[in-house]
Amino acid sequence: MSAVANPATVAECLRVGAGFSQGDRNWIAEQFATLDSRLAGFHADATELEVSVKDREARGQKVTLECWIAGRQKIVTTSAEEDLHAALNDVRDDLRRRLNDAKTKQEPRHNKHLRDVPPPAADVEPDTDPVRAEAETV
């Protein structure tokens, strides 16, 4: 169960920008549905996604996915794949990676690798003064 009362979902937060029509929105939301589990940790009211394409279906098209989450920096992912479906998958996967990286940077205490590092050993120098060692044994 998520700690967020109203978790963000792609279907709720996605806007289509330049190059896409509202008719494309449902198809794109289906492509991005795997992001739902990653977005669920954020409030829907504080999360926005916008996808746009420049020069759609032309050589050199560019797909851009922007993500705004309150309290975090804006994340922008782009793809220059010629196939629109491949480009959408590329920006989706890149956003998922960047969200994971941002979470790890913001919450390192939950990173198992950081918790398993043993504390540094205290530097203890042995008593090497021979005169003092003889006085203690006598």
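Residues numbered from 1 in each chain as written. Predicted model: local features only at pLDDT ≥ 70, side-chain atom pairs only at ≥ 80, totals over all residues. Heavy atoms only, no water.

Asks: Just to check I follow, could you spell out the pairing of strand 4 (residues 75–79) for this structure?
Replies: Residues Ile75, Thr77 and Ser79 line the buried face of strand 4, whereas the alternating positions Val76 and Thr78 sit on a face that is not buried. Between strand 3 (residues 62–69) and strand 4, which pair antiparallel one after the other, the connecting turn spans 5 residues, and Gly71 there sits at a positive phi close to 85°. (Buried < 20%, exposed > 50% of the residue type's maximum accessible area, 1.4 Å probe, protein only. Helix = DSSP H or I, 4+ residues; strand = E, 2+ residues; numbered from the N terminus. Pairing = 2+ DSSP bridges.)

Asks: Help me out: how do you make sense of the nonpolar core in this one?
Replies: Generally speaking, nonpolar side chains in soluble globular proteins are found buried as a group. Grouped together as the largest cluster of nonpolar side chains are 27 residues, with contacts concentrated most on Phe32 and Val51. Those elements that place two or more of their residues in this core are helix 1 (10–13), strand 1 (14–16), helix 2 (22–31), strand 2 (47–54), strand 3 and helix 4 (84–106). Broken down by element, the residue count for this core peaks at 6 residues, all from helix 4. Sequence-distant contacts of Val51, that is, excluding residues within four places in its chain, are made with Leu14, Arg15, Val16, Gly17, Phe20, Ile28, Phe32, Val63, Thr64, Leu65 and Leu88. (Core = buried A, V, L, I, M, F, W, Y, C linked by side-chain atoms within 4.5 Å. Contact = heavy atoms within 4.5 Å.)

Asks: Just to check I follow, could you spell out the pattern of salt bridges for this structure?
Replies: Side chains carrying opposite charge are able to pair once their charged atoms draw close together. A complete count under the given rule lists 7 salt bridges for this structure. When the shortest N-O distance is used, the salt bridge between Arg92 and Asp93 registers 3.0 Å. Residue Asp93 is classed as partly exposed on the basis of its relative accessible area of 24%. Across the salt bridge formed by Asp93 and Arg96, the nearest N and O atoms sit 3.3 Å from each other. With Asp93 and Arg96 both in helix 4, this residue pair falls 3 residues apart, about one helical turn. (Salt bridge = Lys/Arg side-chain N within 4 Å of Asp/Glu carboxyl O.)

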